[in-house]
There are 2 protein chains.
Amino acid sequence: MNIYDISKRAGVSIATVSRVLNDSPHVSPATRQRVMAVINDSGYVPNAFARGLGLNTMKTIGLLCPDASDPYQAQALAYLENAFRSRNYDCVLSCTGKTLEARITGVELLKSRHVDGMVLMGSSFIENNDKDNDYIRQAAKSVPLILLNGSFACERVYCVLCDDQRATMEAAQHLLDTGCKRILYLYHSKNYSGRKKLAGYRAALKNKGMALDESLLCYFDQDKMSVQDVRDHLLELDKKGVAFDAVLASEDSLAIGAMKYARATGKRIPEEMSVVGYNNSNFCLFTEPELTSVDNKLKAICDHIVETMMGVLDGKEMPQKTVFTGEVVLRQSTRK
Amino acid sequence: MNIYDISKRAGVSIATVSRVLNDSPHVSPATRQRVMAVINDSGYVPNAFARGLGLNTMKTIGLLCPDASDPYQAQALAYLENAFRSRNYDCVLSCTGKTLEARITGVELLKSRHVDGMVLMGSSFIENNDKDNDYIRQAAKSVPLILLNGSFACERVYCVLCDDQRATMEAAQHLLDTGCKRILYLYHSKNYSGRKKLAGYRAALKNKGMALDESLLCYFDQDKMSVQDVRDHLLELDKKGVAFDAVLASEDSLAIGAMKYARATGKRIPEEMSVVGYNNSNFCLFTEPELTSVDNKLKAICDHIVETMMGVLDGKEMPQKTVFTGEVVLRQSTRK
DNA sequence: TCATTTTCTGTAAACACTTACACTATGGCG
DNA sequence: CGCCATAGTGTAAGTGTTTACAGAAAATGA
């Protein structure tokens, strides 16, 4: 069943059928109705490949993320998919994993599918080693690229992100304002977004005229950052005599590890120790006490990504970089 | 830059270039090498649409899920995407929402993309009202369908699921075996999977010769099942004088609500009240105490779905229904 | 050496659409 | 009534692949 069959049944040419399918204005109402009737009762569905060939687009966006099972990325996927779908674009998913190599082949595959645009998540994996970013520059030549929470200056690469530095600074400031003196900083990424957050932590201390104690900086490797890992690490710090009365984490799950540590040692939250997470995940409400966390405006970011993409595909001039402001959501794990 | 340009540069016909691209054995090593050289240095990427048109496939699987931000579905997406990708299939995502209507248009859209197969998640939305399933029967005519945790007998529809009834029964049995007398059952779905779980709860009671107290059955609506909703509901039950010493939930987040209720009333878990969830989500480890939950073998299910799909696409005969056995993962929210 | 098979390559016809261009009515207007 | 603009329709040429078929060249065997 193809356009040819329809044209014969409706007694018109294939051009007319095509025009009906594409809502062309150059069809008389009577003809349109007749053709539509045939299409409807035959159950005909236009061949997407042929259409793609003719139009050179299948209205598809490539979504690249390191790990779709991560709640934050899953949420982003859901937001993006919905917004793109409402604009008649489908999304093809590429969960590449975290290695640079895997990302490169992921982008390569999406490119070979001739997607109309790509959204790259997991900017935290974008290193500053410029050579590592060649694949982005390369891909941008053939397709518009938007980075979610990434920053990269390059033609046809657009960035939509949260001001992680400022948000982290405000979170730290809140801890200091509520009487915390020694804030343990837990982080899991040393790349763009990670560096910004760390800078925010530093800035908060500086604003208060406090010196940074390097022993309060705890880095966790990607594959060694489970709740147990974090708890055990903090217990170690205790043994070493490193004292702290607050924990600021670059991701909610790390903060949960700190809460487990508090439970293990009997420290009360927030009376004896305050905890702040990052991302404002759903499970911030699951813990006891509920976790204060930074909302980094994922929905706004995703909506803006989609708008930007649509603009770019329409040939409009679009801002290369858009920054949203995060917000500390106060809950029970910090003092008033 | 198309196959024509390559053929000219390499001094061969487009057929030969095509054969090189498709690893056809009917090309001499010398020619293959020459063509490959040209392809590599020109950065040529075959046009996926034209290829799709010729082969009538773009090696794409449609993934249909109600909500990608739900951790369970996100995990499934990640498993599926990875397994399909390793077999050179891309996935296009369709997060339809929960209404029947939305699911129908979701399937419709995937069909119009001419995907090679579809995986439908959120079987809990498959009603037994047979008319509601016409869209599945319809879609199955043009493309093989696999239901994740759904059950539906129809040509070209395959089902891969967990034996939810048995798993729930074992969970309830564990509660009874550890001394619980009155198990509150929290559930959120009245469709296939939901009914099976409820049946498991009933069966466990029956096995012990216990009567079912209808007042211990708590149903939560899809949009009224937040942690707070559940906690508040249980507090209400308290007021009404409904007593219970255990909670069995059809989903982990409901169980978390029960834990919040325990916190609010000062009941100790598991000493005064045991709690069991379902799905064995990551956040079972986040709570205090850690949540006993049913592992319904999602990874195994997803792997088997992909295998089944590949078999079907290869024209092999595949089992219409495969059932995995769930497992109760014991943690701190239940007694020994 | 010649017939026969095998290996390699090219020609051209699909594949199912879109769309530029040409053509035919049709109606308005002088 | 002829002229022209316009609306509606059809013809045919793309779009970039795959692949059946044919043909040429090389290898094999008698």
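Note that residues are indexed from 1 along each chain, following the sequence as it is written. Lettering for chains starts from A, numbering for ligands starts from 1, and both go in the order in which the items are written. Confidence filtering applies because this is a predicted model: local features only for residues at pLDDT of at least 70, side-chain atom pairs given and counted only at 80 or more, and all residues used for totals across whole chains, interfaces and linings. Calculated side-chain values reflect all of the structure's heavy atoms, with hydrogen atoms and water omitted.

Account for the environment of Phe-324 of chain B, naming residues and giving values.
Here a helix means four or more residues in a row that DSSP labels H or I, a strand means two or more in a row labelled E, and each is numbered from the N terminus. Note on placement: Phe-324 of chain B falls in strand β11 (residues 321-324). Whether two residues touch is decided by their heavy atoms; if any such pair falls within 4.5 Å, the residues are in contact. The contacts of Phe-324 of chain B, once residues within four sequence positions are left out, are Val-160, Leu-161, Cys-162, Asp-163, Lys-297, Ala-300, Ile-301 and His-304 of chain B.

Mind laying out the interface of chain B and chain A, listing which residues take part and the relevant values?
Contact residues are listed per partner, giving 44 residues for chain B and 44 residues for chain A. Carbon and sulfur atoms supply 59% of the area that chain B and chain A bury against each other, a total of about 4,200 Å² over both sides. As used here, buried area is the combined drop in accessible area, with a 1.4 Å probe, of two parts when they are placed together. It is Phe-49, Arg-113 and Phe-286 of chain B that lose the most area in chain B upon contact with chain A, and together they represent 20% of the buried surface on that side. We count a salt bridge whenever a side-chain nitrogen from Lys or Arg sits within 4 Å of a carboxyl oxygen from Asp or Glu. Where chain B meets chain A, there are six salt bridges. The partner of Arg-263 of chain A in a salt bridge is Glu-288 of chain B, with the nearest N and O atoms 4.0 Å apart. Any pair of N or O atoms that falls within 3.5 Å is considered a polar contact. Within protein, one atom must be able to donate a hydrogen and the other to accept it, and sequence-neighbouring residues count only if both atoms are side-chain atoms. At the surface where chain B touches chain A, the tally comes to 17 residue pairs in polar contact (both at pLDDT 80 or more). Tallied by class, residues from the side of chain B that touches chain A come to 20 nonpolar, 14 polar and ten charged. By definition, two strands form a pair when at least two bridges between them are found by DSSP. Judged from the three bridges that link them, strand β2 (residues 90-95) of chain A and strand β2 (residues 90-95) of chain B form a sheet pairing that is antiparallel. When residues are sorted by character, Ala, Val, Leu, Ile, Met, Phe, Trp, Tyr, Cys and Pro go into the nonpolar class, Asp, Glu, Lys and Arg into the charged class, and all the rest, Gly among them, into the polar class.

Describe the protein's contact with DNA strand C, listing the residues and the values that go with them.
We call a residue near a molecule or strand whenever a single non-hydrogen atom of that residue lies within 4 Å of it. In the vicinity of DNA strand C, 23 residues are found, and the nearest of them are Ile-3, Ser-18 and Tyr-44 of chain A together with Arg-19 and Thr-31 of chain B. Counting only atoms of DNA strand C within 4 Å of the protein, the fraction found in sugar and phosphate groups is 68%. At 2.2 Å, a side-chain N or O of Ser-18 of chain A approaches a phosphate oxygen of DNA strand C. Within the side chain of Tyr-44 of chain A, an N or O atom sits 2.6 Å from a phosphate oxygen of DNA strand C.

Lay out the protein's contact with DNA strand D with the relevant residues and their values.
Looking at DNA strand D, there are 24 residues lining it, with Arg-19 and Thr-31 of chain A together with Ile-3, Ser-18 and Tyr-44 of chain B nearest. Restricting the count to atoms of DNA strand D within 4 Å of the protein gives a sugar and phosphate share of 66%. The backbone of Ser-28 of chain A places a nitrogen or oxygen atom 2.9 Å from a phosphate oxygen of DNA strand D. Counting residues per element, the ones that place at least two in the surface near DNA strand D are α2 (14-21) of chain A together with α2 (14-21) and α4 (48-55) of chain B. The element that contributes the greatest number of residues to the surface near DNA strand D is α4 of chain B, accounting for four residues. Classifying every residue of the surface near DNA strand D gives 13 nonpolar, nine polar and two charged.

Before we move on, can you summarise the relation of the copies chain B and chain A with the specific residues and values?
One copy of the chain maps onto the other through a rotation about an axis plus a displacement along that axis. Least-squares fitting of one copy onto the other uses the C-alpha atoms of those residues that reach a pLDDT of at least 70 in both copies. Note on the identical chains: chain B maps onto chain A by a rotation of 180 degrees and an axial translation of 0.0 Å, with an RMSD of 0.1 Å. The operation mapping one copy onto its partner corresponds to a two-fold rotation axis. Minimal C-alpha distance to the rotation axis in chain B is attained by Val-92 of chain B, lying at 2.1 Å. A high fraction, 100%, of the interface residues of chain B reappear at the interface in chain A, so the copies pair face to face through one surface.

Summarise the nonpolar core; cite the residues concerned and give the values.
Think of a nonpolar core as a cluster: buried Ala, Val, Leu, Ile, Met, Phe, Trp, Tyr and Cys residues, connected wherever their side-chain atoms sit within 4.5 Å. Burial here depends on accessible area, computed with a 1.4 Å probe over protein chains only, as a share of the maximum for the residue type. Under 20% is buried, over 50% is exposed, and the range in between is partly exposed. Membership of the largest hydrophobic core comes to 152 residues, with the highest contact counts inside it found for Phe-84, Leu-186 and Leu-234 of chain A together with Phe-84, Leu-186, Tyr-201 and Leu-234 of chain B. If near-sequence neighbours (up to four positions away) are discounted, Leu-234 of chain B is found in contact with Leu-184, Leu-186, Phe-244, Val-247, Ala-258 and Tyr-261 of chain B. Ile-136 and Val-143 of chain A together with Val-115 and Phe-152 of chain B belong to the second-largest nonpolar core, a separate cluster that totals 40 residues.

Tell me about the sheet that holds β11 of chain B, residues and numbers included.
The mixed open sheet is built from twelve strands, whose spatial order is β11(A)-β5(A)-β4(A)-β3(A)-β1(A)-β2(A)-β2(B)-β1(B)-β3(B)-β4(B)-β5(B)-β11(B). Unpaired on one side and paired on the other, β11 (321-324) of chain A together with β11 of chain B mark the two borders of the sheet. Adjacent strand axes in the sheet meet at a mean angle of 20 degrees when their direction is disregarded. Relative to strand β3 (residues 117-120) of chain A, strand β1 (residues 60-65) of chain A runs parallel, the two being bridged by four bridges. Bridge pairing links Ile-61 of chain A to Gly-117 of chain A in β3 of chain A. The convention used is that axes are lines fitted to C-alpha atoms, helices contributing only their stretch in contact, and that angles between N-to-C directions extend from 0 to 180 degrees. Against the sheet, helix α5 (residues 71-85) of chain B makes contact with β2 of chain A together with β1 (60-65), β2, β3 (117-120) and β4 (145-148) of chain B, and its axis sits at roughly 75 degrees relative to β2 of chain A, the strand it touches most.

Hey, could you go over unusual backbone geometry for me, with residue numbers and the actual values?
A cis amide bond links Ile-269 of chain A with the next residue in sequence, Pro-270 of chain A, at an omega value of 5 degrees. By secondary structure assignment, the location of Pro-270 of chain A is in the loop between α11 (252-265) and β9 (274-278). Residue Pro-289 of chain B is bonded to the preceding Glu-288 of chain B through a cis peptide linkage, with omega at 0 degrees. Mapped onto the elements of the fold, Pro-289 of chain B is located in the loop between β9 (274-278) and β10 (292-295). Phi is positive for Asn-56 of chain B, close to 60 degrees, though the residue is something other than glycine. Within the fold, Asn-56 of chain B resides in the loop between α4 and β1. Not every positive phi belongs to a glycine, and Asn-88 of chain B is a case in point at roughly 70 degrees. Note that Asn-88 of chain B resides in the loop between α5 and β2.

Please give an account of the pattern of salt bridges that cites residues and values.
Evaluated as defined, the whole model comprises 32 salt bridges over all chains. Here Arg-85 of chain B and Glu-81 of chain B are joined by a salt bridge, their closest N and O atoms 2.7 Å apart. Within this pair, Arg-85 of chain B and its partner Glu-81 of chain B are both found in helix α5, separated by four residues, close to a single helical turn. We note that Arg-85 of chain B, like Glu-81 of chain B, is buried. Through salt bridges that share partners, Glu-81, Arg-85 and Asp-90 of chain A together with Arg-113 of chain B make up one connected network.

How would you explain α5 of chain B if you had to name every residue and give the values?
Residues and elements named next belong to chain B. Under the convention used throughout, the expected extent of a helix is 1.5 Å for every residue step, that is, one less than its residue count. Given a rise of 1.5 Å per residue, 15 residues ought to cover 21 Å, and the 21 Å separating the end C-alpha atoms of α5 matches this to within 8%. Along α5, twelve of the 15 residues are buried, which leaves the element largely enclosed by surrounding structure. Listed as buried for α5 are Tyr-72, Gln-73, Ala-74, Gln-75, Ala-76, Leu-77, Ala-78, Leu-80, Glu-81, Ala-83, Phe-84 and Arg-85.

Describe the sheet that holds strand β12 (residues 327-329) of chain A, with residues and values.
All names here are of chain A. One open sheet accounts for six strands, arranged β7-β6-β8-β9-β10-β12; its pairing is mixed. Two strands in the sheet have a free side with no partner beyond their single neighbour: β7 (217-219) and β12. For this sheet, the mean inter-axis angle between neighbouring strands, taken without regard to orientation, is 20 degrees. Taken together, the three bridges between strand β6 (residues 183-187) and β7 define a ladder with parallel strand orientation. Opposite Leu-186, over in β7, you have Cys-218 as the bridge partner. On top of the sheet, α11 reaches β6, β8 (246-249), β9 and β10 (292-295); it is set at about 160 degrees to β9, its chief contact.

In short, the description is geometric, and any link to function would need to be established separately.
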